[in-house]
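Secondary and tertiary structure notes
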Amino acid sequence: AALLQNCQNLRGRRILITAAGTREAIDPVRYIGNRSSGKMGYALAGAAAGRGAEVILISGPANLPAPPGVSITRVETAAQMQAAVLAEFDTVDIVIKAAAVADYRPELVADQKIKKTGNTLTINLVKNPDILFELGQRKKQQILVGFAAETKDLMIHAREKLTKKNLDMIVANDITLPGAGFNIDTNIVKIIHKDGAVEELPQLSKQQVAEILLDKISTLLTKST
Ligand code: CTP
Ligand code: CA
């Protein structure tokens, strides 16, 4: 019965989801990337569409098809993701930032392939914009959900991000645990709410984690409107 009630509980809502890792070019053939597969973000997008939401998925490069009913914008860099997200932000009710955004990019992108010359090569990196932080500054009625993938001091770092980025919820996972993290089909997460409440979930499929997160989000929506 609960499942049936949940069926269409995001109908009429617009939800923006970012997924996968960004890539920052070094030269025409190389980039700086990360291990994010996009599985968690795509699972969220598919599950939200299944509940009747209008889903805007902004994705870094990923080997995954767009889930049915989802409108997808493919980007490569953090700057492109930032532009795509900001273009939609005012029109959405919910943002879930599951993407692994590169924190830094090469200061200069070589226009020719860099040749192998010296014994060392130094690439100077400059900071990328923090997209989620910016959304936290701009937010009006939107529900903002972030992710924190950590290798140590999970709760300390996750709580800090929740506060600093002005989020409603953060999904924290310790990527050193077997059964959690990058490029696998399961995850082990803790959900931390703005009021400090913490919910610890067992190892679940990313689909199941997505459904639980959307349940929490729809509860927040019914409270706020
Ligand atoms: N995020 C973002 N823009 C960035 C970096 C991160 O929008 N330039 C978002 C991620 O999508 C995620 C959340 O912020 O939802 C936390 O990302 P994370 O990398 O864990 O946090 P950082 O603030 O980048 O801190 P650090 O990497 O130093 O842990
Ligand atoms: Ca980061």
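Residues numbered from 1 in each chain as written. Chains lettered and ligands numbered in written order. Predicted model: local features only at pLDDT ≥ 70, side-chain atom pairs only at ≥ 80, totals over all residues. Heavy atoms only, no water.

In the nomenclature of an unreviewed UniProt entry, the protein corresponds to Coenzyme A biosynthesis bifunctional protein CoaBC from the organism Sporomusa ovata.

1. Brief notes about unusual backbone geometry
Positive phi, normally seen in glycine, also occurs at Asn 166, with a value near 60 degrees. Tracing the backbone shows Asn 166 in the loop between α5 (154-164) and β10 (169-174). The exposure class assigned to Asn 166 is partly exposed, which follows from its relative accessible area of 33%. (Helix = DSSP H or I, 4+ residues; strand = E, 2+ residues; numbered from the N terminus. Buried < 20%, exposed > 50% of the residue type's maximum accessible area, 1.4 Å probe, protein only.)

2. Quick notes on the site of ligand 1
Around ligand 1 sit 13 residues in total, of which Lys 97, Ala 99, Pro 129, Lys 161 and Lys 165 are the nearest. Within the side chain of Lys 161, an N or O atom sits 2.7 Å from an oxygen atom of ligand 1. Between ligand 1 and Lys 165, the relevant distance is 2.7 Å, taken from an oxygen atom to a side-chain nitrogen or oxygen of the residue. Calculation on ligand 1 without its partners gives an accessible area of 570 Å², and the protein chains cover 77% of this total. (Near = heavy atom within 4 Å. Polar contact = N/O pair within 3.5 Å; in protein donor to acceptor, adjacent residues only side chain to side chain. Areas by Shrake-Rupley, 256 points an atom, 1.4 Å probe, with all protein chains shown as cover.)

3. Looking at the layout of surface pockets
The method is simple in principle: a probe with the dimensions of a water molecule rolls over the atoms, and the space it marks as empty is what remains. There is about 1100 Å³ of room inside the largest pocket. Contributing to the lining of the largest pocket are 38 residues, with Ala 99, Ala 100, Val 101, Asp 103 and Phe 147 lying nearest its centre. The set of elements that each furnish at least two residues to the lining of the largest pocket consists of α2 (39-50), α4 (131-138), β9 (143-150) and α5. Across the lining of the largest pocket, the residue classes tally to 18 nonpolar, eleven polar and nine charged. Size it by volume and the second largest pocket reaches roughly 230 Å³. Along the walls of the second largest pocket sit Asp 168, Met 169, His 193, Lys 194, Asp 195, Ala 197, Glu 199, Asp 215, Lys 216, Thr 219, Leu 220 and Lys 223, which together make up its complete lining. Ranked by residues supplied to the lining of the second largest pocket, first place goes to helix α6 (residues 206-224) with five residues. (1 Å grid on protein atoms, 1.4 Å probe; cavity = no way out; pocket = protein on both sides within 12 Å on 5 of 7 lines; lining within 4 Å. Points joined across faces, edges and corners; volume = space filled by probe spheres on them. Nonpolar A, V, L, I, M, F, W, Y, C, P; charged D, E, K, R; others polar.)

4. Some remarks on the coordination of the calcium ion (ligand 2)
At this site the calcium ion (ligand 2) is bound by Asp 103 (OD) and Asp 103 (OD), with donor distances of 2.4 to 2.5 Å. Mapping Asp 103 onto the fold places it in the loop between β6 (94-97) and β7 (104-106). (Donors = N, O, S within 2.8 Å, 3.2 Å for Na, K, Ca; no water.)

5. Describing the nonpolar core
Counting residues in each nonpolar core, the largest one holds 33 residues, and the members touching the most others are Ile 15, Ile 17, Leu 44, Val 55, Ile 96 and Leu 214. Within the residue set of this core, elements represented by two or more residues are β1 (14-19), α2, β4 (54-59), β6, β9, β10, β12 (189-193) and α6. With eight residues, the top contributor of residues to this core is α2. The residues touching Ile 15, leaving out its near neighbours within four places in the chain, are Ala 48, Ala 53, Glu 54, Val 55, Ile 56, Ile 94, Ile 96 and Leu 214. Val 95, Leu 144, Leu 167 and Ile 170 belong to the second largest nonpolar core, which has 24 residues in total. (Core = buried A, V, L, I, M, F, W, Y, C linked by side-chain atoms within 4.5 Å. Contact = heavy atoms within 4.5 Å.)

6. Considerations on the side chain of Asp 168
Within the secondary structure, Asp 168 is located in the loop between α5 and β10. Within polar-contact distance, the side chain of Asp 168 engages the backbone nitrogen of Leu 144 at 2.8 Å. The contact partners of Asp 168, leaving out residues within four places of it in the chain, are Lys 139, Gln 142, Ile 143, Leu 144, Leu 162, Ile 192, His 193, Lys 194 and Leu 220.

7. Some points on the pattern of salt bridges
Two side chains of opposite charge can pair, provided their charged atoms sit close to one another. Summed over all chains, the structure comprises twelve salt bridges. A salt bridge links Asp 185 to Lys 39, with the shortest nitrogen-to-oxygen separation between them at 3.3 Å. Residue Asp 185 is found in the loop between β10 and β11 (186-187), and its partner Lys 39 is found in helix α2; the two are separated by 146 residues along the sequence. The class for Asp 185 is exposed, based on a relative accessible area of 51%. In this structure Lys 39 comes out as partly exposed when scored by relative accessible area, which is 24%. Between Asp 168 and Lys 194 there is a salt bridge whose closest N-O contact spans 3.3 Å. Taken as a pair, Asp 168 in the loop between α5 and β10 and Lys 194 in the loop between β12 and β13 (198-200) lie far apart in primary sequence, 26 residues in all. Since its relative accessible area comes to 56%, Lys 194 is described here as exposed. (Salt bridge = Lys/Arg side-chain N within 4 Å of Asp/Glu carboxyl O.)

8. A word on the UniProt feature "binding site: CTP" (unreviewed entry) in the protein
Here the UniProt-annotated "binding site: CTP" (unreviewed entry) positions come out as Asp 103, Lys 113, Pro 129, Asp 130, Ile 131, Leu 132, Phe 147, Lys 161 and Lys 165. Across 63 residues in sequence, these annotated residues place their C-alpha atoms as far as 37.6 Å from one another, rather than forming a single compact spot. Looking only at the residues we just named, the largest pocket is lined by Asp 103, Pro 129, Asp 130, Ile 131, Leu 132, Phe 147, Lys 161 and Lys 165. For Lys 161, the location among the structural elements is in helix α5. (UniProt positions renumbered as here; feature names shortened; annotations may be inferred.)

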